[in-house]
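# Secondary and tertiary structure notes
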Amino acid sequence: MANSAVWPKRWIAFGLVLAFGAAPRRSSAQDPLDAADSIVLERTLCFGTCPAYRLSVSRTGAVNFASRNPRDESRRAADTIPALQFQWILTRALVTDFLALPDRIADDTHFCPNRATDHPTAIVTVFMPNRVKRVEDYYGCYWAPVGLREMEDYIDEITKAVRWIRPASIR
């Protein structure tokens with residue numbers, strides 16, 4: 001029987017191989033994600049104090065944050081990350097098979113057989129030269145792809161967005 005502790009290490013190694021290009025690279029014609037020039041993560045309000053914001057990351061590493069909280073819309077920030085980290089986000093999108101996901105998770109009964117109310121939505125948009133892929137992930141759908149939720153959190157993590165995010169005030 002294989003040691004279960006080995007499996008997480010294999011996934012990390014797989015991700016590093018993809019991120020650093022040790023495996024043969026496919027051309028952009030084969031995988032449009034290779035040519036992506038920016039990714040946007042948007043989070044919407046919920047019934048409570050869920051923060052709402054828009055976070056964009058470009059291929060060059062430029063990061064832009066804009067709050068969408070009521071009475072906080074003027075809160076904006078900018079920073080940069082190493083361009084390699086943008087590639088790491090794309091690796092997450094590739095492993096998640098982002099381009100094959102439905103445009104709205106809530107509309108797919110496979111991912112959302114039952115829906116809770118008053119939850120926020122995370123929207124991830126990947127901009128490629130000849131295509132834009134947008135996936136709306138309503139958090140009231142508990143069967144949404146784990147890789148998508150991890151990618152959303154990873155974008156926040158890699159950009160250190162927590163320094164700008166504030167809870168929304170209760171209406």
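These remarks concern the structure in this document. Here the residue numbers are simple positions, counted from 1 along each chain's written sequence. In view of the model being predicted, local features appear only for residues whose pLDDT reaches at least 70, and side-chain atom pairs are presented and counted only at 80 or more, with totals across whole chains, interfaces and linings using the full set of residues. In computing side-chain properties, one takes all heavy atoms of the structure into account and sets aside hydrogens as well as water.

This next bit is on the pairing of strand β2 (residues 53-58). Taking burial as the measure, the 6 residues of β2 include 5 buried ones, the bulk of the element. One ladder, built from 6 bridges, connects strand β1 (residues 38-43) with β2; its direction is antiparallel. Bridged to Ser38 within β2 is Ser58. Here, strands pair whenever DSSP counts at least two bridges between them. Per the convention used, a helix needs a DSSP run of H or I reaching at least four residues, while a strand needs a run of E reaching at least two, with both numbered from the N terminus. Count of turn residues in the β2/strand β3 (residues 62-67) antiparallel hairpin: 3 residues, of which Gly61 carries a positive phi of about 100°. Only protein chains enter the accessibility calculation, which uses a 1.4 Å probe; a residue whose area is less than 20% of its type maximum is buried, one above 50% is exposed, and one in between is partly exposed.

To continue, consider the sheet that holds strand β6 (residues 131-138). If you trace the 6 strands from one edge of the open sheet to the other, you get β4-β3-β2-β1-β5-β6, paired in antiparallel fashion. Only two strands of the sheet have a single neighbouring strand rather than two, namely β4 (76-80) and β6. The average undirected angle you get between the axes of adjacent strands in this sheet is 10°. Contacts were defined at the residue level, with two residues in contact if any of their heavy atoms lie within 4.5 Å. Lines fitted to the C-alpha atoms define the axes, with helices restricted to the stretch that makes contact. Angles between their N-to-C directions range from 0 to 180 degrees. The strands that helix α2 (residues 83-96) touches are β1 and β2; relative to β1, the one it contacts most, it runs at about 70°. This element, helix α3 (residues 146-159), spans β1, β2, β3, β5 (121-128) and β6 of the sheet and lies at about 100° to β1.

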